[in-house]
Amino acid sequence: MSRVTSAEKIAAARAEGRPALIGYLPAGFTDVETSIEAAVALAENGVDVIEMGIPYSDPVMDGAVIQEATVQALANGFRVAQIFDIVRGITARTNAAVMVMTYWNPVLSLGVDEFARRFAEAGGAGLITPDLVPDEADQWFAASEKYGLERVFLIAPSSTEARVKRTVEASSGFVYCVSLMGVTGARAEVSSAAQAVVDAAHGAGAENACVGLGVSRREHVQEIGSYADGVIVGTALVAALRDGGVPAVGRLAAQLSGRA
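Keep in mind the model is a prediction, meaning the values are calculated, not measured. (Residues numbered from 1 in each chain as written. Predicted model: local features only at pLDDT ≥ 70, side-chain atom pairs only at ≥ 80, totals over all residues. Heavy atoms only, no water.)

**Points about the sheet that holds strand β2 (residues 49–53)**
Spatially, 9 strands are ordered β5-β4-β3-β2-β1-β9-β8-β7-β6 in an open sheet, and the strand pairing comes out parallel. The sheet terminates laterally at β5 (150–152) and β6 (154–155), the two strands that pair on one side only. With 2 bridges joining them, β6 and strand β7 (residues 175–178) adopt parallel strand pairing. Of the residues in β7, the one forming a bridge with Ile155 is Cys177. Against the sheet, helix α1 (residues 6–15) makes contact with β1 (20–26), β2, β3 (97–101), β5 and β8 (209–212), and its axis sits at roughly 125° relative to β3, the strand it touches most. (Pairing = 2+ DSSP bridges. Helix = DSSP H or I, 4+ residues; strand = E, 2+ residues; numbered from the N terminus. Contact = heavy atoms within 4.5 Å. Axes fitted to C-alpha atoms, helices over the stretch in contact; angles between N-to-C directions.)

**Description of the side chain of Asn208**
Topologically, Asn208 is positioned in the loop between α9 (194–203) and β8. A polar contact of 2.9 Å, which involves the side chain of Asn208, links it to the backbone oxygen of Gly173. Among residues more than four places away in sequence, those in contact with Asn208 are Ala7, Ile10, Arg14, Gly173, Phe174, Val175 and Asp229. (Polar contact = N/O pair within 3.5 Å; in protein donor to acceptor, adjacent residues only side chain to side chain.)

**Description of the packing of aromatic side chains**
On inspection of all chains with the given rule, the structure shows 5 aromatic pairs. Ring centres of Tyr56 and Tyr103 lie 5.2 Å apart, and the angle between their planes is 25°; on these two criteria the pair is classed as stacked. One end of the pair, Tyr56, is in the loop between β2 and α3 (64–75); the other, Tyr103, is in the loop between β3 and α5 (104–110), with 47 residues separating them in the sequence. When the ring of Phe84 is compared with that of Phe115, the centres are 5.1 Å apart and the planes differ by 65°; the resulting orientation is edge-to-face. Residue Phe84 is located in helix α4 (residues 82–91), and its partner Phe115 is located in helix α6 (residues 112–121); the two are separated by 31 residues in the primary sequence. (Phe/Tyr/Trp six-rings, centres within 6.5 Å; stacked < 30°, edge-to-face > 60°.)

Rendered as structure tokens:
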């Protein structure tokens, strides 16, 4: 299967003079089919990279809205292996790059090589791994190289210069720049630390540095897009899906992308 990568989508957005728009949704929320339809709605309304989160019982980085959604997905019977059906369902109907954000334990439980192989076969582009640091990622390096998958690691305002450099060197696709300390959640204003984190990533050689945590409005996308290569929206989209279903996700995506 020919897979679209996040690096390709970010480069295409750059050629159009804009940041890439990256949208997060929890896999299996409210059920498997709805999460596929919601992701397709993202792609149809200007989202370049779709980030599907694997529900996890101990989501240390997620705020209340995403935690509640993942708890519901798990209560509805979501299983890790269903992520491959979801990714396949999205890649069959869109030309968006499809990433999976996952804590590392679900990947370990299934088997790193097995997960990577099945994910690549489904058309996935790569993994975003919030609780995996490059120093502990030997198995993931091997599997991602074997199956041609992107590796996205995170940096934060607290990251040292050495940690930023190591993370940039280990990442492919893009570097995920956490704009503030704490858990995810939509906020009225973008953290003032966001640009400093992006500048640090670029200074360490990152070609693509994307900002997440707190983005909820078109103005945020425009503000962040003046210095970052991509803008990541999560909580606002999950809340839209919770409150208004797939149509609401499409409407918000259109607003964020400037199509509405």
